[in-house]
Amino acid sequence: VGDQTMTRGNLAIKNAEEDNKQIHLFIKESAQEYYYQGVFVLVEYTYEDDIGADGNIRKEYKFRLRRV
């Protein structure tokens, strides 16, 4: 709910390369099931309108990643 900010996880993804960190991607299937997808690098990101959990329009970061 509300616009996303460039903090915490979003900031970590944005700065991963300059901080010499790897991005490990997991897909959540259910509350107990996560599937590891591998190591990725950030290609680009945008800040776009999308629909929040409350049904209202909000700004969200969209990260385009590439598998290493």
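Just so we're clear, the structure is a prediction, and the values are computed from it rather than from any experiment.

## Considering the sheet that holds strand S1 (residues 23-28)
- Reading across from one edge, S1-S2-S3 is the order of the three strands in this open sheet, with antiparallel pairing throughout. Looking at strand neighbours, the two that pair on one side only are S1 and strand S3 (57-67), the edges of this open sheet. Averaged over all adjacent pairs, the angle separating strand axes in this sheet is 60°, with direction ignored.
- Bridge analysis of strand S2 (residues 34-51) against S3 gives eleven bridges, and the strand direction is antiparallel. What sits directly across from Tyr45, in S3, is Phe63.
- Its contacts with the sheet place helix H1 (residues 8-15) against S1, S2 and S3, and it is angled at close to 35° to S3.

## Some details on the side chain of Asn10
- Relative to the assigned elements, Asn10 resides in helix H1.
- Apart from residues no more than four positions distant in its own chain, Asn10 is found in contact with Gln4, Thr5, Tyr61 and Phe63.

## So, the environment of Tyr34
- Looking at the secondary structure, you find Tyr34 in strand S2.
- The partly exposed category is assigned to Tyr34, whose relative accessible area is 48%.
- Aside from chain neighbours lying at most four places away, what touches Tyr34 is Phe26, Ile27 and Lys28.

About the thresholds
- Residues numbered from 1 in each chain as written.
- Predicted model: local features only at pLDDT ≥ 70, side-chain atom pairs only at ≥ 80, totals over all residues.
- Heavy atoms only, no water.
- Pairing = 2+ DSSP bridges.
- Helix = DSSP H or I, 4+ residues; strand = E, 2+ residues; numbered from the N terminus.
- Axes fitted to C-alpha atoms, helices over the stretch in contact; angles between N-to-C directions.
- Contact = heavy atoms within 4.5 Å.
- Buried < 20%, exposed > 50% of the residue type's maximum accessible area, 1.4 Å probe, protein only.

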